[in-house]
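# Results of the structural survey
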Amino acid sequence: MAARDSVLTPTTMQAAGTGHAHFGRLLLAEWTKIRSVRSTYWSLIALIIAFLFFSWLFPYLTVSNWKQATPTQQANLIEDPIGSIMSSGLFVGQLAVAILGVMVTASEYSTGMIRSTLLASPHRVRMLAAKSIVFALLILVIGEVIAFAGFFIGRQTFKSLLTVNLSSGDVRQVFGVGLYLGMLGLFSLVLGSLIRHVAGAITGIVALLLVISNLIQLIPGRVGKYLYTYEPTNAGFAIIGKRLPDNFLISSWEGYGVFAAWTALLWALAAYLLVRRDA
Amino acid sequence: MIQATALTKRYGPRLAVDQADFTVAPGKVTGFLGPNGAGKSTTMRMILGLDRPSSGSVTINGVPYHRLAAPLREVGALLDAKAVHGGRTAYNHLLVLAKANGLPRGRVDAVIDLVGLHSVAKKRSGGFSLGMGQRLGIAAALLGDPGILMFDEPVNGLDPEGILWIRNLMKALAAEGRTVFVSSHLMSEMALTADHLVVIGLGKILADEPMADFIAKNSVSYVRVRSPQMADLGPKLASRGWRIEPQPDASVHVFDAQPAQIGDVAGTAGLWLHELTLVQSSLEEAFMRLTAGSVEYHAGQTGDAGLAGGQRVPDGTAMPGWGTPVPQEIQNSQVKERTQ
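Residues numbered from 1 in each chain as written. Chains lettered and ligands numbered in written order. Predicted model: local features only at pLDDT ≥ 70, side-chain atom pairs only at ≥ 80, totals over all residues.

### What about the overall build of chain B?
- In terms of helices and strands, chain B carries 12 helices and 13 strands.
- The proportion of buried residues among the 340 residues of chain B is 45%. (Helix = DSSP H or I, 4+ residues; strand = E, 2+ residues; numbered from the N terminus. Buried ≥ 20, exposed ≤ 12 C-beta atoms within 10 Å, placed from the backbone.)

Following this line, the structure appears as structure tokens:
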């Protein structure tokens, strides 16, 4: 049909090709989507600025107030300087990733874009997979870049006080930033796909990150410890910790595994519902 | 070719589409006509795989939409609701769709020029007017140069020039051998574009026939005659076998006759005529009569006012509720008051 002279394809016009919606093309389409809206840039700039600023601020304040610090605080810092560089920046920066992740899927529903998307890629699970891969990889790469940038900023700031070395055991804490953010991005994306409503999904993920994850440890006894440990974002956050809190029951990598398992479970549910529900 | 077989969509207790069977053939414009809420959009969304049928099936060239390997190359669709992210430029919106199916970038430029959005292609579509948004939707539908095109209420929001443009575009697409399926709630719009008509009311297919047949079946015409000597003229007209209905305003409606024939009768008898007018009911009236029993949202009792124009109308108020479709065989005659 392409070579025919018609209202759509005058002979001078380029032919439309085979037009198969295979996976590589869906990856390209999702990448084009992500880089063609402003919310991506705003969120990533917020992430980068917040993370780098805090990876300077916390060491700076520590150095300035060293004499007033209690011996316990001093001991904790000397034991785990990398964790203290990473955690405050990550705690704030993760909100940008969570919100962007939610928007990547939920905004398709609020704008109606999902209908255009599904017309071009009617195999819905394939579309969700392409979206997940593109977004998680983007956040993973940016996360690793800012992790190392933050590490060097923090190390320079700490210089007058202590030398921070990147021993083999501590590399996890730096790489963990990208790993955590990538998984959190995916987790949020899946949540957006399940809730299909931008405001609702943002409320959900922010409540989980800032409120539920902390309040949950107020539950007394063993139950509280289990809930605190296996809450997805707490479990994932352990990847950047050296000495984990007493009420955290598993190791850093196990924690990250729990976060990944939660994400995989919700992803499967999202894929199932995506196919079942009307768009 | 689009083929629906016993296609049904149920939302809770409500049947949005009820056992719909129809075929949309290539090479012509098929109009999909029905009042608001009749199930047009739901049917179109099921064709496109956006909604799952509760039962029955619908196929595109023999396969369901979700099994199409190259969807945009086979089907292009303009949906009634907005289907774009307002934060993305028109160009990038089309580029995303093109990439998903591996269509060359040149297609994006081509369809942008075709719909006349060149000057705003790099602007974010959130600021577009209704008409511009509609053109962007049409551009997306044409992107893959598809053999099947579906337009849900395409003239909504377009200015007269735009309406003329989309009309001609649809006809040209059909003339190229493509399948064109276009929904509307305006019979007048369909009369100008469609070659074939599928009428839906309350989810049921009420008619599926060529436009010419629909017109022949549903349009009623008569001749309005005024004469100061009606007492003499009346029996002469009746004796020719024409049906005559005296009106309160002293005119007479003559059915089954042409004005010239009536004039000849009067002339031969040497009788005066003061009026001899051919009155044809519009297709809009025929459509309203067909769907009178299946309009979901009635606006009070003003239904009859909309059918005014010298036409005997079935008494809309006599219908026993909107749940009962009008049987086809009584469309041309009066709807008798039915008691429940």
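### Overview of the overall build of chain A
- Helix and strand counts for chain A come out as 11 helices and zero strands.
- Taken from the N to the C terminus, the helices and strands of chain A come in the order α-α-α-α-α-α-α-α-α-α-α.
- Overall size of chain A, expressed as C-alpha extent along the three principal axes, is 80 × 45 × 30 Å.
- The burial tally for chain A puts 45% of its 279 residues in the buried class.
- Sequence separation of at least 24 residues holds for 79% of the intrachain contacts in chain A that already meet a minimum separation of 6. (Contact = placed C-beta atoms within 7 Å.)

### A short note on helix 1 (residues 40-47) of chain B
All names here are of chain B.
- Among the eight residues that make up helix 1, eight are buried, leaving the element largely enclosed by the rest of the structure.
- Looking only at helix 1, the buried set comprises K40, S41, T42, T43, M44, R45, M46 and I47.
- Looking one or two places after helix 1, you find G49, whose phi comes out positive at around 75 degrees.

### A look at the domain arrangement of chain B
- For chain B, the domain assignment lists domain 1 (2-217) and domain 2 (222-280 + 313-323).
- Taking only C-alpha atoms into account, the centre of domain 1 of chain B sits 44 Å from that of domain 2 of chain B. (Domains from an automatic or database assignment.)

### Notes on the interface of chain A and chain B
- On the side of chain B, 45 residues touch chain A, which itself brings 38 residues to the contact.
- Along the lines of polarity and charge, the residues of the side of chain A that touches chain B split into 17 nonpolar, 16 polar and five charged. (Nonpolar A, V, L, I, M, F, W, Y, C, P; charged D, E, K, R; others polar.)

### Brief notes about helix 1 (residues 23-35) of chain A
- For helix 1 of chain A, spanning 13 residues, the distance from its first C-alpha to its last is 19 Å, which sits close to the expected 18 Å at 1.5 Å a residue.
- When helix 1 of chain A is considered as a whole, its buried residues turn out to be R25, L26, A29, E30 and K33 of chain A. Down the axis of helix 1 of chain A, the smallest arc covering the buried residues is 135 degrees, so these residues share one side. Residues of helix 1 of chain A that are exposed and angled more than 90 degrees away from the buried face: G24 and R35 of chain A.
- Against the buried residues of helix 1 of chain A lie helix 6 (124-158) of chain A together with helix 3 (90-100) of chain B. (Expected span 1.5 Å × (residues − 1). Arc of directions from axis to C-beta.)

### Structural notes on unusual backbone geometry
- At R196 of chain A, a position not held by glycine, the phi torsion is positive, near 60 degrees.
- Of note, R196 of chain A is situated in the loop between helix 7 (168-195) and helix 8 (198-215).
- For R196 of chain A, a count of 19 C-beta atoms within 10 Å gives the class partly exposed.
- For L202 of chain B, which is not glycine, the phi dihedral falls at a positive 50 degrees.
- Looking at the element boundaries, L202 of chain B is found in the loop between strand 8 (196-201) and strand 9 (204-210).

### Describing the sheet that holds strand 4 (residues 55-60) of chain B
Residue and element names in this part refer to chain B.
- A sheet is described by the order of its strands in space; here three strands give the open sequence 2-1-4, paired in antiparallel fashion. Both outer strands of the open sheet, strand 2 (14-24) and strand 4, are each paired with one neighbouring strand and no more. With direction set aside, neighbouring strand axes in the sheet form an average angle of 20 degrees.
- As judged from the five bridges shared by strand 1 (residues 2-11) and strand 4, these two strands associate in the antiparallel manner. The residue bridging T8 from the neighbouring strand is S55, located in strand 4. (Pairing = 2+ DSSP bridges. Axes fitted to C-alpha atoms, helices over the stretch in contact; angles between N-to-C directions.)

### Quick look at the sheet that holds strand 9 of chain B
All names here are of chain B.
- Here we have six strands laid out as an open sheet, ordered 5-6-7-3-8-9, and mixed in their pairing. Whereas interior strands pair on both sides, the edge strands pair on one side only; in this sheet they are strand 5 (75-78) and strand 9. Averaged over all adjacent pairs, the angle separating strand axes in this sheet is 15 degrees, with direction ignored.
- By the bridge criterion, five bridges tie strand 6 (residues 148-152) to strand 7 (residues 179-184) in an arrangement that is parallel. Pairing of M150 across the sheet is with F181, part of strand 7.

### Re the packing of helix 2 (residues 38-64) of chain A against helix 4 (residues 81-111) of chain A
Residues and elements named next belong to chain A.
- Running from N to C, helix 2 and helix 4 cross one another at 170 degrees; their axes reach a closest spacing of 7 Å. In terms of axis orientation, helix 2 runs roughly antiparallel to helix 4.
- Class assignment for the residues of the contact of helix 2 with helix 4 results in 16 nonpolar, eight polar and no charged. (Parallel < 35°, antiparallel > 145°, perpendicular 65-115°, else oblique.)

### Some words on the packing of helix 6 of chain A against helix 7 of chain A
All names here are of chain A.
- The N-to-C vectors of helix 6 and helix 7 enclose an angle of 150 degrees; their axes lie 7 Å apart at closest approach. Classified by the interaxial angle, the pair formed by helix 6 and helix 7 is roughly antiparallel. With respect to the hand of their crossing, helix 6 and helix 7 are arranged in right-handed fashion. Side by side, helix 6 and helix 7 meet where L128, K131, S132, F135, A136, I139, L140, G143, E144, A147, F148 and F151 of the first sit next to V174, F175, V177, G178, L181, G182, G185, L186, L189 and S193 of the second.
- Residues that form the contact of helix 6 with helix 7 fall into these classes: 14 nonpolar, six polar and two charged. (Left-handed = near helix turned anticlockwise from the far one by under 90°.)

### A look at the environment of T72 of chain A
All names here are of chain A.
- Here T72 lies in helix 3 (residues 71-79).
- Look at T72 and you get exposed, because 8 C-beta atoms sit within 10 Å.
- T72 sits 20 residues away from V92 along the chain, and the two C-alpha atoms are 25 Å apart.

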